Amino acid sequence: MSSHAPITPAGAGRKPVTLRTLAQMKKDGQRITMLTGYDATFARLLDAAGVDMILVGDSLGMVVKGEANTLNVSVEQMAYHTAAVARGVARAHVVGDMPFMSYQTSPEEALKNAARLLQSGASSVKLEGGRQLAPTVARLVEAGIPVMGHVGLMPQSVHAMGGFVVQGKDPESRQRVLDDAVALEAAGAYAVVLEGIPIDLATEITETLAIPTIGIGAGAGCDGQVLVLYDLLGLNPDFTPKFVKKYVDGAAVVGDAVRAYVDEVKRGVFPDDDHAFHAPRPKAAATATKESLTLVHGRVVGHH
Ligand code: KIV
């Protein structure tokens, strides 16, 4: 039975968040909020709650697909989830994450794959990398595709980095991250994610760049913040990194609800009469005697 209503955006008609909005927010010192989203139901909730940007992150490889890293996410999978998110959104700016090897091989390949994400409903794309990716960023921007950069801890480079480790801790690495961010801005990126870097470096980059910085594990000195939605919701009790704040114990909430459901079904408590359909009573039933009726909580639920 397919009885679900389609997910329609809440509060359609609200002014959408554009690149101009984001640039103005930086100028005005208004902090930008971004969360990841992977489906229409959550996108609608995030949008209604006022989040400025929804990143359809390739983190879905880990939190949706259950993989150990983000390296096995395809453009098709990103397009699928981007379209789902876009259907739930009225105001937030939707960013489609370019997955591993969808942009590193050539600017032409990057163009083709970025176009796919925009055609799926994203308003911009994000890619990981700094100076070496600047020509690709410039090519996308030239073609009218807004690009958000991503420097510091770059999950698609997990093997090169030797794990998910904080970057920019020594002077050389620090300079590299700063140069990467500056190169992205020069290439035309409209914003840059700063992931897993020391707070003072993130603050320095934020003060250096004219474009907004969005931090994750980079401290409060950034123009905005991003978290993986499932982390903020506390859905994985085993994932407790320093930079994540769990705003709800989602694992407990979901666990309690599902245990209650299992218990009620096993005991025959759910579905009760309030959650069942009733056919109109046939005429003959109207003459049924009281003895032939089955009553539950004083309601007629059948007759015999
Ligand atoms: O894929 C993702 O979710 C990300 C954020 C963590 C920035 O890139």
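Criteria and thresholds
Residues numbered from 1 in each chain as written. Predicted model: local features only at pLDDT ≥ 70, side-chain atom pairs only at ≥ 80, totals over all residues. Heavy atoms only, no water. Near = heavy atom within 4 Å. Polar contact = N/O pair within 3.5 Å; in protein donor to acceptor, adjacent residues only side chain to side chain. Areas by Shrake-Rupley, 256 points an atom, 1.4 Å probe, with all protein chains shown as cover. Pairing = 2+ DSSP bridges. Helix = DSSP H or I, 4+ residues; strand = E, 2+ residues; numbered from the N terminus. Axes fitted to C-alpha atoms, helices over the stretch in contact; angles between N-to-C directions. Contact = heavy atoms within 4.5 Å. Patch = residues over 30% accessible without salt bridge, like charges linked within 9 Å, V, L, I, M, F, W, Y side chains within 5 Å. Salt bridge = Lys/Arg side-chain N within 4 Å of Asp/Glu carboxyl O. Buried < 20%, exposed > 50% of the residue type's maximum accessible area, 1.4 Å probe, protein only.

Caption draft 1: Up close: the site of the ligand. All residues in the neighbourhood of the ligand are listed as Thr36, Leu55, Gly57, Asp58, Ser59, Asp97, Lys126, His150, Ile216 and Val228. At a separation of 2.6 Å, an oxygen atom of the ligand approaches a polar side-chain atom of Ser59. With respect to the ligand, the side chain of Lys126 contributes an N or O atom lying 3.0 Å from an oxygen atom. For the ligand, whose accessible area on its own is 260 Å², the fraction buried by protein is 96%.

Caption draft 2: Up close: the sheet that holds strand β1 (residues 32-36). If you walk around this closed barrel you meet the 8 strands as β1-β2-β3-β4-β5-β6-β7-β8, and the pairing is parallel. Going across the sheet, the axis of each strand differs from the next one's by a mean of 25°, ignoring polarity. In the sheet, strand β6 (residues 191-195) pairs with strand β7 (residues 213-216) via 4 bridges, with the strands oriented parallel. Each residue of the ladder has a partner; that of Val193, found in β7, is Ile214. Packed on one face of the sheet, helix α5 (residues 107-119) meets β3 (93-97) and β4 (124-126) and runs near 130° to β4.

Caption draft 3: Up close: a nonpolar patch on the surface. On the surface, Leu235, Val254, Val258, Tyr261, Val262, Val265 and Phe270 cluster together into a nonpolar patch covering about 570 Å² of accessible area. Here Val262 is to be found in helix α11 (residues 250-267). On the accessibility criterion, Val262 (39% relative accessible area) is partly exposed.

Caption draft 4: Structural context of the side chain of His150. In this structure, His150 sits in strand β5 (residues 147-152). What His150 contacts, discounting residues up to four positions off in sequence, is Lys126, Leu127, Glu128, Gly129, Pro155, Leu184, Val192, Val193 and Glu195.

Caption draft 5: View of the side chain of Asp97. Tracing the chain through its elements places Asp97 in strand β3. For Asp97, a relative accessible area of 2% translates into the label buried. A polar atom in the side chain of Asp97 sits 3.1 Å from the side chain of Lys126. Ignoring anything within four residues of it in the chain, the contact list for Asp97 reads Leu55, Val56, Gly57, Asp58, Met78, Leu117 and Lys126.

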